[in-house]
Each structure stands twice: as C-alpha cells, then as structure tokens.
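# Summary of the model geometry
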Amino acid sequence: MLSYYHYLKGFGQDIQDFSSFLRDYSKWPGPWSTHVEAALDARESEPESIVIVRFEDLKEDAVRELRRMAKFANIDASEQDLIRAVERCHISNLKALEEEKTPSTREGANNRFFWSGKTKQWEDVFEDEDLEFFYEKAGSVLSRLSYK
C-alpha cells in the first residue's frame with residue numbers, strides 16, 4: 001500500500017496524506033487484500049502455476065529468491081548469472097537507469113518508480129488507527145503471507 005501511495009503521488013495524482021489514501025478505495029485498482037488473496041487462492045489450487053515472492057525475502061537473500069523464480073519459470077541460469085542479475089538490479093542501479101531513461105512528463109510530478117528499496121517503512125507511516133483499519137481489511141491475507 002505504501003509503495004502504491006508513493007507511486008501515485010510520484011505521477012502527480014492528487015493524494016493528500018497516507019491515512020486518507022488508505023481509506024479511499026477509489027484510488028486503488030481494487031482492495032489490496034482482494035488482489036493478493038486471489039493470487040494466494042490460485043496458488044493453493046494450482047501450486048505449480050504461481051510463485052509468491054515477498055519483498056522482504058528478496059531483501060534477505062535476493063540470489064536465493066531469484067534462483068527460486070528461475071526454477072519456477074524453467075529458466076536455466078548459472079549461479080554467476082543470478083549474482084550478476086541481482087547486482088544489476090541493486091536499487092542504486094535502478095534509480096540511475098530510471099533517471100537516465102525517464103524524462104519528466106507531468107507538471108509537478110517526479111515520475112519516480114523506485115524509492116528507497118528498504119523494508120518496514122510502513123512502521124514510520126502507519127498510525128495506530130491506520131494499522132487497526134488495515135488489519136481489519138486485510139488481516140487474513142497478512143496472516144497467510146506470514147506478516148501478522
């Protein structure tokens with residue numbers, strides 16, 4: 001949710017504060033929990049058709065996760081290929097590439113897709129009421145993903 005909030009703001013969407021955004025489903029392509037729950041349900045019914053990749057797991061061990069994704073997609077990649085891919089996708093490289101390749105096209109927008117590349121930023125943004133609201137709406141999905 002926080003990433004989507006920054007994404008929309010970066011492209012000049014008229015969004016005030018995060019608490020308001022969290023409660024304003026008209027800004028979402030659909031409730032986050034519904035979207036994620038559909039993927040989790042599909043994976044349960046056809047485990048070979050969907051791989052779940054959590055950002056926190058990528059941050060913990062990107063090569064391991066990329067290896068898992070390559071195996072899932074039946075891509076033959078050496079360990080060196082995986083390491084090189086992870087290095088090339090470091091947040092600093094992605095930001096530099098974005099800066100080089102993406103001109104600003106919207107008045108007042110910064111058009112950034114890549115932000116900090118850090119985990120747990122929600123802890124600095126979600127107020128207690130926001131957490132209560134989000135857990136009410138998405139608690140079951142968060143549990144299924146081992147977040148709660």
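Residues numbered from 1 in each chain as written. Predicted model: local features only at pLDDT ≥ 70, side-chain atom pairs only at ≥ 80, totals over all residues. Heavy atoms only, no water.

## So, a negative patch on the surface
On the surface, Glu-127, Asp-128, Glu-129, Glu-132 and Glu-136 cluster together into a negatively charged patch. Mapped onto the elements, Glu-136 comes out in helix α9 (residues 128-144). By relative accessible area, Glu-136 is classed as exposed at 61%. (Patch = residues over 30% accessible without salt bridge, like charges linked within 9 Å, V, L, I, M, F, W, Y side chains within 5 Å. Areas by Shrake-Rupley, 256 points an atom, 1.4 Å probe, with all protein chains shown as cover. Salt bridge = Lys/Arg side-chain N within 4 Å of Asp/Glu carboxyl O. Lys, Arg positive; Asp, Glu negative; His and termini not counted. Charge placed at Lys NZ, Arg CZ, Asp CG, Glu CD. Helix = DSSP H or I, 4+ residues; strand = E, 2+ residues; numbered from the N terminus. Buried < 20%, exposed > 50% of the residue type's maximum accessible area, 1.4 Å probe, protein only.)

## What to know about the packing of aromatic side chains
Under the criterion given, the structure shown has seven aromatic pairs. With a centroid separation of 6.1 Å and an interplanar angle of 85°, the aromatic rings of Trp-122 and Phe-126 are classed as edge-to-face. An aromatic cluster is defined as three or more aromatic residues linked by ring pairs; in this entry it consists of Tyr-4, Tyr-5, Phe-18, Phe-21, Trp-122, Phe-126 and Phe-134. In this arrangement the basic side chain of Arg-23 is found over the ring face of Phe-133, its NZ or CZ atom lying 4.8 Å from the centre. (Phe/Tyr/Trp six-rings, centres within 6.5 Å; stacked < 30°, edge-to-face > 60°. Lys NZ or Arg CZ within 6 Å of the ring centre and 35° of its normal.)

## As for the environment of Ala-70
Summarising the element assignment, Ala-70 is placed in helix α5 (residues 62-72). Residue classification places Ala-70 among the buried positions, given a relative accessible area of 11%. Sequence spacing of Ala-70 and Leu-82 is twelve residues, and the spatial spacing of their C-alpha atoms is 8.9 Å.

## Things to note about the confidence of the model for the protein chain
Scored by pLDDT, the protein chain comes out at a mean of 84, with 85% of its residues at no less than 70. Across the protein chain, the element-wise mean pLDDT spans from 78 in helix α7 (residues 91-101) up to 96 in α5. (pLDDT = per-residue confidence, 0-100.)

## Thoughts on the side chain of Glu-65
Mapped onto the fold, Glu-65 is located in helix α5. With residues up to four places along the chain from it excluded, the contact list for Glu-65 reads Val-53, Asp-57 and Leu-58. (Contact = heavy atoms within 4.5 Å.)

## With respect to the packing of α5 against helix α6 (residues 79-88)
Between α5 and α6, the shortest axis-to-axis distance is 9 Å and the interhelical angle comes to 120°. Here α6 runs oblique to α5, going by the angle between their axes. Where α5 crosses over α6, the handedness of that crossing is right-handed. From α5, Ala-62, Val-63, Leu-66, Arg-67 and Ala-70 reach across to α6, where they touch Glu-79, Leu-82, Ile-83, Ala-85 and Val-86. In terms of residue class, the contact of α5 with α6 is built from eight nonpolar, no polar and two charged. (Axes fitted to C-alpha atoms, helices over the stretch in contact; angles between N-to-C directions. Parallel < 35°, antiparallel > 145°, perpendicular 65-115°, else oblique. Left-handed = near helix turned anticlockwise from the far one by under 90°. Nonpolar A, V, L, I, M, F, W, Y, C, P; charged D, E, K, R; others polar.)

## A few points about helix α1 (residues 2-10)
Every buried residue belonging to α1 is among Leu-2, Tyr-5, Leu-8 and Gly-10, and all of these are buried. Tucked into the core, α1 has its buried residues touching α2 (18-23) and α8 (122-125).

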